[in-house]
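Structural overview
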Amino acid sequence: AEKHAGVSCVTASMDDIQFEEAARVGQIITIKTKVNRAFKTSMEVGIKVTVQDVLTSVEKIVSVAYATYVAKPVGAGKIELEPVKLLSAEDYLEHTLATERRRIRLGYEQVFQNLMQESNKEGDYCDTFEEEGAVSTDLTHVQSIELVQPPHANHHGNTFGGQIMAWMETVASISASRLCRSYPILKSVNMFKFWGPSVVGDRLVLNAVVNNTFQNSVEVGVRVEAYNCEEWIKDQARHINSAFLIFNAVNDKGELLTFPRIKP
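Given the structure is predicted, the values throughout are model-derived calculations rather than measurements. (Residues numbered from 1 in each chain as written. Predicted model: local features only at pLDDT ≥ 70, side-chain atom pairs only at ≥ 80, totals over all residues. Heavy atoms only, no water.)

Quick notes on the overall build of the chain
Tallying secondary structure elements over the chain gives four helices and twelve strands in all. Against the 2.2 N^0.38 benchmark of 18 Å for 264 residues, the chain shows a C-alpha radius of gyration of 20 Å, consistent with a compact globule. Overall, the chain is about 60 × 55 × 35 Å in size when its C-alpha atoms are taken along their principal axes. Burial statistics for the chain: of 264 residues in total, 36% are counted as buried. For the chain, long-range pairs separated by at least 24 residues make up 70% of all intrachain contacts whose partners lie at least 6 apart in sequence. (Helix = DSSP H or I, 4+ residues; strand = E, 2+ residues; numbered from the N terminus. Rg over C-alpha atoms; globule rule 2.2 N^0.38 Å. Buried < 20%, exposed > 50% of the residue type's maximum accessible area, 1.4 Å probe, protein only. Contact = heavy atoms within 4.5 Å.)

A closer look at the pattern of salt bridges
Taken as a whole and judged by the stated rule, the model has eight salt bridges. With a shortest N-O distance of 3.0 Å, glutamate 225 and arginine 223 are connected by a salt bridge. In this structure arginine 223 comes out as partly exposed when scored by relative accessible area, which is 38%. Residue arginine 238 is joined to glutamate 231 by a salt bridge in which the shortest nitrogen-to-oxygen separation is 3.0 Å. By relative accessible area, glutamate 231 is classed as buried at 14%. Residues participating in the shared-partner salt-bridge network are Glu44, Glu94 and Arg101. (Salt bridge = Lys/Arg side-chain N within 4 Å of Asp/Glu carboxyl O.)

A look at the nonpolar core
Of all hydrophobic cores here, the largest spans 48 residues; its most connected members are Leu204 and Val222. If you tally residues by element for this core, the top one is helix α3 (residues 161-180), at nine residues. Shared between two domains, this core holds at least three residues of each, these being domain 1 (1-108) and domain 2 (133-263). What valine 222 contacts, discounting residues up to four positions off in sequence, is Met168, Val171, Ala172, Asn207, Ala208, Asn241, Ser242, Ala243 and Leu245. (Core = buried A, V, L, I, M, F, W, Y, C linked by side-chain atoms within 4.5 Å. Domains from an automatic or database assignment.)

Some details on the packing of aromatic side chains
For any pair of aromatic rings, the description rests on two quantities: the centre-to-centre distance and the angle between the ring planes. Summed over all chains, the structure comprises two aromatic pairs. When the centroid spacing of 4.9 Å and the interplanar angle of 85° are considered together, the rings of phenylalanine 192 and phenylalanine 194 count as edge-to-face. For the pair phenylalanine 192 and phenylalanine 194, a shared accessibility class is recorded, and that class is buried. Measuring from ring centre to ring centre gives 5.1 Å for tyrosine 227 and tryptophan 232, while their planes differ by 80°; the resulting arrangement is edge-to-face. The exposure class assigned to tyrosine 227 is buried, which follows from its relative accessible area of 9%. Cation over ring: arginine 101 sits above tyrosine 66, and NZ or CZ is 3.6 Å from the ring centre. Here the basic side chain of lysine 193 rests over the ring of tryptophan 195, its NZ or CZ set 5.3 Å away from the ring centre. (Phe/Tyr/Trp six-rings, centres within 6.5 Å; stacked < 30°, edge-to-face > 60°. Lys NZ or Arg CZ within 6 Å of the ring centre and 35° of its normal.)

With respect to the domain arrangement of the chain
Accessible area lost on assembly of the parts is the figure often given for the size of an interface. In terms of domain boundaries, the chain breaks down into domain 1 (1-108) and domain 2 (133-263). Computed from C-alpha coordinates alone, the two centres of domain 1 and domain 2 are separated by 23 Å. Tallying the contact residues gives 14 residues for domain 1 and 13 residues for domain 2. For the pair domain 1 and domain 2, the summed buried area comes to about 1,100 Å², and 53% of that belongs to carbon and sulfur atoms. Broken down residue by residue, the surface that domain 1 buries against domain 2 is led by Met14, Ile17 and Phe19, which jointly contribute 38%. There are four residue pairs in polar contact (both at pLDDT 80 or more) connecting domain 1 and domain 2. For the side of domain 1 that touches domain 2, the secondary structure elements donating two or more residues are β1 (9-14) and β2 (17-19). (Buried area = accessible area lost by both parts, 1.4 Å probe. Polar contact = N/O pair within 3.5 Å; in protein donor to acceptor, adjacent residues only side chain to side chain.)

Here's the deal with α3
Count 3.6 residues to each turn of an α-helix, and residues three or four apart come out pointing the same way. Its 20 residues place the ends of α3 28 Å apart at the C-alpha level, agreeing with the 28 Å of an ideal helix rising 1.5 Å per residue. Buried residues of α3: Gly161, Ile164, Met165, Trp167, Met168, Val171, Ala172, Ser175, Ala176, Leu179 and Cys180, and no others. One or two residues past the end of α3 sits arginine 181, with phi positive at roughly 50°. (Expected span 1.5 Å × (residues − 1).)

So this is what it looks like as structure tokens:
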């Protein structure tokens, strides 16, 4: 992203990430990235992760993801980006698909805003929800507090997006495990959005809770808030990240486990 913009860049969002394979200790991971399309002030970067077993030389795709970056301006104004040079048929295809992914992403945000507004009008749903054997979501709530230190940040002092995602996966995994009583397996990360930056010295408060279960999978919502020292004393949080993580779990035979229903 920085190579294309010619200046420093920051991550704005990550489109839905699907995990096809698990990478294990001793395997070789290859990460390939390229800018698929530059919009006026943002760009899409495609990321492909593969893993190779050193004993068999078999290579498999771990994940394909699409990150949206914006150039970090020196002053107050935004930086306009140059178009991407397309050199192959694959470049042209990704260039076209990037526009569609952007349209879907923006559509997601509008749909969720509308749903939130409607849900606020409907009153207290919890009072009317009844299902025998359902587990209260209170039992799945997990909170973690992390201190951002220099190894967690880039050369600007901003927290690595990948570090935040790792912390989010940890609390989400613990939340999901409260239902399956096993080790959940992360299958996808949806609508991973950066609402604002955090820097070295910030305290990050991560809250995770199960939103719903779907037979053999579970969705965990995670919200991340940041505080500097002054904000911590005044209890003034900055909402910096949100995401929805999907997990499943298997038994010793590799069979998918069934999750219980939950009560909001």
